[in-house]
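What follows is the residue order along each chain.
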Amino acid sequence: MNADEFAETASIEQAALFSAACAERAIGVLFWVVSEDGRRDDLDRYHEALEMLWTPVPGDPSRYSSTRQALERMREMHVGDELAGPAAHALYGAVVLHAALGTLAASAVVALEDCSMAARNSAFRVEARTGHRVLSAEERCQAEDIESLVAGVSADKIRENARRHGRKRLDLLYAHYRQSRPGPELPSSR
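Residues numbered from 1 in each chain as written. Predicted model: local features only at pLDDT ≥ 70, side-chain atom pairs only at ≥ 80, totals over all residues. Heavy atoms only, no water.

Turning to the overall build of the protein, a few remarks are in order. The helix and strand tally for the protein stands at ten helices and zero strands. The order of helices and strands in the protein, counted from the N terminus, is α-α-α-α-α-α-α-α-α-α. If you line up the protein on its principal axes, its C-alpha atoms span 45 × 35 × 25 Å. Counting all 190 residues of the protein, 48% fall into the buried class. Considering only contacts within the protein whose residues lie at least 6 apart along the sequence, 69% involve residues at least 24 apart. The average position of the 23 basic charges and that of the 29 acidic charges among the side chains of the protein differ by 5 Å. (Helix = DSSP H or I, 4+ residues; strand = E, 2+ residues; numbered from the N terminus. Buried < 20%, exposed > 50% of the residue type's maximum accessible area, 1.4 Å probe, protein only. Contact = heavy atoms within 4.5 Å. Lys, Arg positive; Asp, Glu negative; His and termini not counted. Charge placed at Lys NZ, Arg CZ, Asp CG, Glu CD.)

Given below as structure tokens:
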């Protein structure tokens, strides 16, 4: 089952967890860039938004809508396409997070499809930059997320898997950008 088919049958909780897994895989570079910039408040805000997805409270769309609006005013989405290097990839992480919040703020079906596409676009851009097959890995991860959600696998297990894949993606980008610009070591965990 692909994301479009899953969107037709998923509960709001399943849609939120699917979207949370997509965001978890894409958000590592966002956390890295924001941390390196010393923007602690922004890092906290992004982290809170991600946690909202992993602990969904359906029935309160205004909570998620206001968080999405707050993300739109933050540096990554506000500056947008003018960003370059790692900051450009941070933008794609913010876009996936924004789309993911849509599963609880709006129609889960449309938002889940948007989130899936945003996550694949983010993976494609990492692949284009690093030369590693990240897009096909994201597509496999999405299929595995759907299978896990349909089978009733716990959110913790799905998150653990998403973090592992997200860390691989972050490591690829970090290695790519640090080859030419040595800098501080990447933290061992979030």
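Turning to the pattern of salt bridges, a few remarks are in order. Here the structure, examined in full by the defined rule, presents twelve salt bridges. The network of salt bridges with common partners includes Glu24, Glu51, Arg159 and Arg163. (Salt bridge = Lys/Arg side-chain N within 4 Å of Asp/Glu carboxyl O.)

What follows covers empty space enclosed by the protein. Tallying each qualifying case throughout the model produces one cavity of 30 Å³ or more. The volume enclosed by the largest cavity comes to roughly 50 Å³. For the largest cavity, the full set of lining residues is Arg25, Ala26, Gly28, Val29, His89, Ser122, Val126, Gly166, Arg169, Leu170 and Leu173. Mapped by element, the contributors of at least two residues to the lining of the largest cavity are helix 2 (12-26), helix 3 (28-36), helix 8 (108-130) and helix 10 (155-180). The element best represented in the lining of the largest cavity is helix 10, accounting for four residues. Residues of the lining of the largest cavity, tallied by class, amount to five nonpolar, four polar and two charged. (1 Å grid on protein atoms, 1.4 Å probe; cavity = no way out; pocket = protein on both sides within 12 Å on 5 of 7 lines; lining within 4 Å. Points joined across faces, edges and corners; volume = space filled by probe spheres on them. Nonpolar A, V, L, I, M, F, W, Y, C, P; charged D, E, K, R; others polar.)

All chains considered together, the criterion is met by two aromatic pairs. Geometrically, the ring pair formed by Trp32 and Tyr174 is edge-to-face, given 5.3 Å between the ring centres and 65° between the ring planes. Linking Trp32 in helix 3 with Tyr174 in helix 10, this pair joins segments that are 142 residues apart in sequence. (Phe/Tyr/Trp six-rings, centres within 6.5 Å; stacked < 30°, edge-to-face > 60°.)

Here the focus is the environment of Ser11. In this structure, Ser11 sits in the loop between helix 1 (3-9) and helix 2. It is 10 Å that separates the C-alpha atoms of Ser11 and Pro58, two residues lying 47 residues apart in sequence.

With that out of the way, let us pick up helix 7 (residues 86-105). Helical geometry note: an α-helix holds 3.6 residues per turn, so side chains three or four residues apart project in the same direction. Taking 1.5 Å as the rise per residue, helix 7 with 20 residues should run 28 Å; its terminal C-alpha atoms sit 29 Å apart, in good agreement. Counting buried residues along helix 7, 19 of its 20 residues qualify, which places the element largely inside the surrounding structure. (Expected span 1.5 Å × (residues − 1).)

What follows concerns the nonpolar core. Among the nonpolar cores identified, the biggest contains 55 residues, and Phe18, Tyr46, Leu53, Val96 and Leu97 are the most heavily contacted of them. At ten residues, the largest contribution of residues to this core is made by helix 7. Leu53 has contacts with Ala16, Leu17, Ala20, Ala23, Leu97, Ala100, Leu101, Thr103 and Leu104, leaving out every residue within four places of it along the chain. (Core = buried A, V, L, I, M, F, W, Y, C linked by side-chain atoms within 4.5 Å.)

This part is about the packing of helix 2 against helix 4 (residues 40-54). At their nearest, the axes of helix 2 and helix 4 sit 8 Å apart, and the two run at 145° to each other. For the pair helix 2 and helix 4, contact is made by Ala16, Leu17, Ala20, Ala21, Ala23 and Glu24 and by Leu50, Leu53 and Trp54, respectively. Partitioned by chemical class, the residues of the contact of helix 2 with helix 4 number eight nonpolar, no polar and one charged. (Axes fitted to C-alpha atoms, helices over the stretch in contact; angles between N-to-C directions.)

Within the element layout of this structure, Gln142 appears in helix 9 (residues 134-151). Setting aside its immediate chain neighbours within four residues, Gln142 contacts Ala3, Phe18, Cys22, Arg25, Ser116, Ala119 and Arg120.

Shape descriptors only; they carry no functional weight alone.
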